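Summary of structural features
Each chain, letter by letter, is given below.
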Amino acid sequence: MKKIIGCLLMCGILLSSCTKDFKEINTNPNGTPVALPQQLLAPALVSTLSYGMLRNRNFNNELMQVTVDMGDAEGKVFRYDYRATWADYLYNGWYSELTNFKDIYKIASQELNYNKSYMGISLICQSWIYSMLTDTYGDIPYSESNLGKDSGIYEPVFDAQKDIYLDIFKKLEEANTLLSVGTAINAASDPVYGGVVANWRKFGNSLYLRLLLRLSGKAEVSESCIAKIKDIVIVNTATYPIIASNAESAILRWTGVGPYSSPYLSVREQDFKTPGLGSFFIDHLAAWNDPRIDIPTYGTNSINRWGIAPYSGSYQGIPAGYAPGENPIKKSYFYSNTSTSSLMTEPLTGMMMNYAELQFILAEAAVKGWISGTAESYYNNGALNSITLWLPKWSVPIKDFLTAADIEWIESATLDEKMEKIHLQKYYALFLTDMQQWFEYRRTGHPALPKGPGLRNNGIMPARMTYPVYVQSTNPTNYKLAVAAQGPDVISTQVWWQKP
């Protein structure tokens, strides 16, 4: 018994000692109790882009006739038919990353880690994500979103899209001011610009132009948006620098090293090449003799720059929206990971915003008389840089290429004809850029997509994704208020900036 008691006392002493020293022994003296901005930025960017890229592939591309996931089953997106479960992925993913970007701002604003550049980058990325969320769903949680951890708000209100946009503009103004100081950041923490803070500032102001243009047709804010576009582009260019070359495009280049492997590698190779290309997408490229699908001159390993497989010696696609039972033959498609030319491993697919898109934004502003400069010059420059982003050594004079392809600028054309020309080229500049093709089509009706006989939703392009079903049960009061304000929770309900 004495031996047993002695052993128990000894164990108690040892356990007490272990408990007392455990925290000290297992705390890394070189670590920090919270993640730092330089630790949060890259993972948040990678994840945000991954969500957008995967939905670009199987949602945006199907609606916008880039690809056709053939079949007669229910829920085929290319027929404007998709289930409510499609809503969850982007909603959950993008909101989860907003928490990380908000943490970056919060930590970078504290005295110990104070850094204006990380604060500015956070605001740009928050604006980028919130704009994609509201353009996808309409009214969304904004002012009270992502506050559960700090404020205990687990049933956030849904803000009106107008209010969301106006506050995004305030965020981008603040970001421009913060980044104007040029405070250095850790280059290794920044997979988009490698620590070049000036380029983040240019991206933020270019994103500002994208979003101002999106609201420019809405009567109640049109005048102020147009005035701000002019302010950025013409009046105060030094205050609002914008992207000035392909090299300054906001692209997270997938190097394949460490965490920077393309999310397309998560798709099975067989699934990646399963959808056929839509006729609209591939027929224009073939008719133009576009160098991005040229094999002999610009290809690698007998595969063109965009990794598209020819069919019977030419490029052919499938009519989108074909009726059930028609069963067309699959023709051209995107190669899977069979060579360095496959989009599955392509570095440039991490597209946030490129220089060509900005040029087409300016072309539209010029053709509508909002800014000086000729719409033709912006149009030509957009078309040129849309190609040279992928083929930097392409040296054909852009006017010669456009004339040979019968897509040259014609000053005597009507405004609608000019808008169609701008947005057809912008469609290709926006290739792989999250849901931007879909957003722009909803805003403008351009480019003119053919309407197949098998389309649902009365043949009208869906205006939104529905809210995730679980929101109805987890946030019922605010969900009902949002539906009452915006309209029925269906794909045909237009978001605020679409409504007359």
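These lines cover the structure that appears in this document, whether it is placed above or below. Being a predicted model, the structure only gives us computed values, none of them experimental.

A separate point is the packing of aromatic side chains. What describes a pair of aromatic rings is the distance from one ring centre to the other and the angle between the planes of the rings. For the structure shown, the criterion picks out 31 aromatic pairs. Judged by centre distance (5.5 Å) and plane angle (80 degrees), the rings of Tyr193 and Trp200 are edge-to-face. Across the pair, Trp200 and Tyr193 agree in class, each one buried. Geometrically, the ring pair formed by Trp306 and Phe431 is tilted, given 4.5 Å between the ring centres and 45 degrees between the ring planes. In this pair, Trp306 is assigned in the loop between α10 (279–287) and β6 (308–309) and Phe431 in the loop between α14 (415–429) and α15 (436–444), connecting sequence segments 125 residues apart. Each member of the pair Trp306 and Phe431 is classed as buried. Here the aromatic cluster, defined as three or more aromatic residues joined through ring pairs, consists of Phe280, Phe281, Trp288, Trp306, Phe334, Trp390, Tyr427, Tyr428 and Phe431. Cation over ring: Arg79 sits above Tyr322, and NZ or CZ is 4.9 Å from the ring centre. Between the NZ or CZ atom of Arg442 and the centre of the ring of Trp438, over which it lies, the distance is 4.4 Å.

What follows is about the packing of helix α4 (residues 116–137) against helix α6 (residues 161–180). Any two packed helices are characterised by how steeply their axes cross, that is the angle between the axes, and by the distance between the axes. With their axes 8 Å apart at the nearest point, α4 and α6 run at an angle of 160 degrees to one another. Taken together, the axis directions place α4 and α6 in an arrangement best described as roughly antiparallel. Considering the relative orientation of α4 and α6, their crossing is left-handed.

So, on to empty space enclosed by the protein. Empty pockets left among the atoms are what a rolling probe the size of a water molecule brings to light. For the structure on display, the rule yields 3 cavities of 30 Å³ or more. Lining the largest cavity are Arg57, Asn61, Thr67, Tyr264, Phe272, Pro275, Phe334, Leu343, Phe431 and Leu432. Among the residues forming the lining of the largest cavity, the class breakdown is 7 nonpolar, 2 polar and 1 charged. Reported here for the second largest cavity is a volume of approximately 50 Å³. Tallied by class, the residues present in the lining of the second largest cavity amount to 4 nonpolar, 3 polar and 2 charged.

With that settled, consider the packing of α10 against α14. Running from amino to carboxyl end, α10 crosses α14 at an angle of 105 degrees, the nearest separation of the two axes being 12 Å. Between α10 and α14, the interaxial angle falls into the category roughly perpendicular. Residue-level contacts link Phe280, Phe281, His284 and Leu285 of α10 to Leu424, Tyr427 and Tyr428 of α14. Each residue belonging to the contact of α10 with α14 can be placed in one class, and the counts come to 6 nonpolar, 1 polar and no charged.

What follows covers the environment of Val46. Note on placement: Val46 falls in helix α2 (residues 37–63). Val46 sits 216 residues away from Ser262 along the chain, and the two C-alpha atoms are 8.9 Å apart. Here Val46 is in contact with Leu252, Trp254, Pro259 and Tyr260, once residues within four sequence places are set aside.

A word on the environment of Gly373. Take Gly373: it is sitting in the loop between α11 (355–367) and α12 (375–388). Accessibility expressed as a relative area gives 47% for Gly373, which makes it partly exposed. Taking the C-alpha atoms as reference points, Gly373 and Ala363, 10 residues apart in sequence, are found 8.7 Å from one another. Residues in contact with Gly373, not counting those within four places in the same chain, are Ala366 and Tyr378.

Conventions and cut-offs
- Residues numbered from 1 in each chain as written.
- Predicted model: local features only at pLDDT ≥ 70, side-chain atom pairs only at ≥ 80, totals over all residues.
- Heavy atoms only, no water.
- Phe/Tyr/Trp six-rings, centres within 6.5 Å; stacked < 30°, edge-to-face > 60°.
- Buried < 20%, exposed > 50% of the residue type's maximum accessible area, 1.4 Å probe, protein only.
- Helix = DSSP H or I, 4+ residues; strand = E, 2+ residues; numbered from the N terminus.
- Lys NZ or Arg CZ within 6 Å of the ring centre and 35° of its normal.
- Axes fitted to C-alpha atoms, helices over the stretch in contact; angles between N-to-C directions.
- Parallel < 35°, antiparallel > 145°, perpendicular 65-115°, else oblique.
- Left-handed = near helix turned anticlockwise from the far one by under 90°.
- 1 Å grid on protein atoms, 1.4 Å probe; cavity = no way out; pocket = protein on both sides within 12 Å on 5 of 7 lines; lining within 4 Å.
- Points joined across faces, edges and corners; volume = space filled by probe spheres on them.
- Nonpolar A, V, L, I, M, F, W, Y, C, P; charged D, E, K, R; others polar.
- Contact = heavy atoms within 4.5 Å.

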